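Chain by chain, the residues:
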Amino acid sequence: LASNSRGVYISKRFFMQRIRFFLCLIIAAACVARAQSVKNDAADVAALRAEVQRLTVELLQYRAEFIQWKMHWIRSELQQVQAERQRLSSERESIEREIGVLNLGSTDNPRAEDEARKEELKTVQSPALIASERAATTREAALVAALNAEGSRMAEIQRQLHGQK
């Protein structure tokens, strides 16, 4: 019986060692699988970050293109307003010269039609031109401010683009 119990003891011990060995293998396999999962997760996260960065750069480039278009449009509009303001200024100066000529002519030989023309120039045409000139100057200032604001936006986008690359 002693040898039999020793044999049972050895087989139980052998069996327990085998169970421990297989448990260790299963735990090791689980750890390896977990480590690979973490590596895969890390690779996935890295890929997603790279894609987000690429899309961010692309979005910033589209914003820069839009702002460049907008600045081009504002410059074009500004040139038109400046030309209009210059035309109005020249026209106002022409009216002022005509009023001066009419004033000189009226001191030598005052005529009713000269006085009527002078009165029309002073009360109707000159104020309308001055108002139009002021409106053009106001519009010009607004466009210059908008151009400066877009320039600042463009500088910020350029700074962000250099930070992303």
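Residues numbered from 1 in each chain as written. Predicted model: local features only at pLDDT ≥ 70, side-chain atom pairs only at ≥ 80, totals over all residues. Heavy atoms only, no water.

Quick notes on the overall build of the protein chain
Helices and strands together make up the secondary structure of the protein chain, namely two helices and zero strands. Across the 165 residues that make up the protein chain, the buried fraction comes to 18%. Within the protein chain, counting contacts between residues at least 6 apart in sequence, those at least 24 apart form 81% of the total. For the protein chain, the exposed area adds up to about 12400 Å²; of that, 59% sits on carbon and sulfur atoms. (Helix = DSSP H or I, 4+ residues; strand = E, 2+ residues; numbered from the N terminus. Buried < 20%, exposed > 50% of the residue type's maximum accessible area, 1.4 Å probe, protein only. Contact = heavy atoms within 4.5 Å. Areas by Shrake-Rupley, 256 points an atom, 1.4 Å probe, with all protein chains shown as cover.)

Brief notes about helix 2 (residues 112–164)
In an α-helix there are 3.6 residues to a turn, and that puts residues three or four apart on one side. Between its first and last C-alpha, helix 2 extends 76 Å over 53 residues, near the 78 Å set by a 1.5 Å rise per residue. The largest bend in helix 2 is about 40°, located at Leu-121. (Expected span 1.5 Å × (residues − 1). Bend = angle between axes of the 7 residues up to and from the residue.)

Considering the environment of Ile-99
On the secondary structure map, Ile-99 appears in helix 1 (residues 2–108). Here Ile-99 falls in the buried class, since its relative accessible area comes to 11%. When the C-alpha positions of Ile-99 and Ser-126 are compared, they lie 9.9 Å apart, and in sequence the two are 27 residues distant. Apart from residues lying up to four places away in sequence, Ile-99 is in contact with Lys-118, Leu-121 and Lys-122.

Describing the pattern of salt bridges
Applying the stated criterion across every chain, the model contains 14 salt bridges. Between Arg-87 and Glu-84 there is a salt bridge, with the nearest N and O atoms lying 2.6 Å from each other. Residue Arg-87 and its partner Glu-84 are both found in helix 1; the two are separated by three residues, about one turn of the helix. Relative accessible area serves as the criterion here: at 41%, Arg-87 is assigned to the partly exposed category. (Salt bridge = Lys/Arg side-chain N within 4 Å of Asp/Glu carboxyl O.)

Some points on the side chain of Glu-133
Position of Glu-133 among the secondary structure elements: in helix 2. Every residue in contact with Glu-133, bar those within four places of it in the chain, is listed here: Arg-85, Leu-88, Ser-89 and Arg-92.

Remarks on the side chain of Ser-126
Residue position: Ser-126 is located in helix 2. A residue is classified by how much of its surface remains accessible, and Ser-126, at 12% relative accessible area, is buried.

Brief notes about the environment of Ser-132
Checked against the element boundaries, Ser-132 lands in helix 2. On a C-alpha basis, the gap between Ser-132 and Glu-84 in space is 9.3 Å, while along the polypeptide they are 48 residues apart.

Describing a nonpolar patch on the surface
Together, Ile-19, Leu-23, Ile-26 and Ile-27 line one region of the surface with nonpolar side chains, adding up to about 370 Å² of accessible area. With respect to the helices and strands, Ile-26 occurs in helix 1. In this structure Ile-26 comes out as exposed when scored by relative accessible area, which is 56%. (Patch = residues over 30% accessible without salt bridge, like charges linked within 9 Å, V, L, I, M, F, W, Y side chains within 5 Å.)

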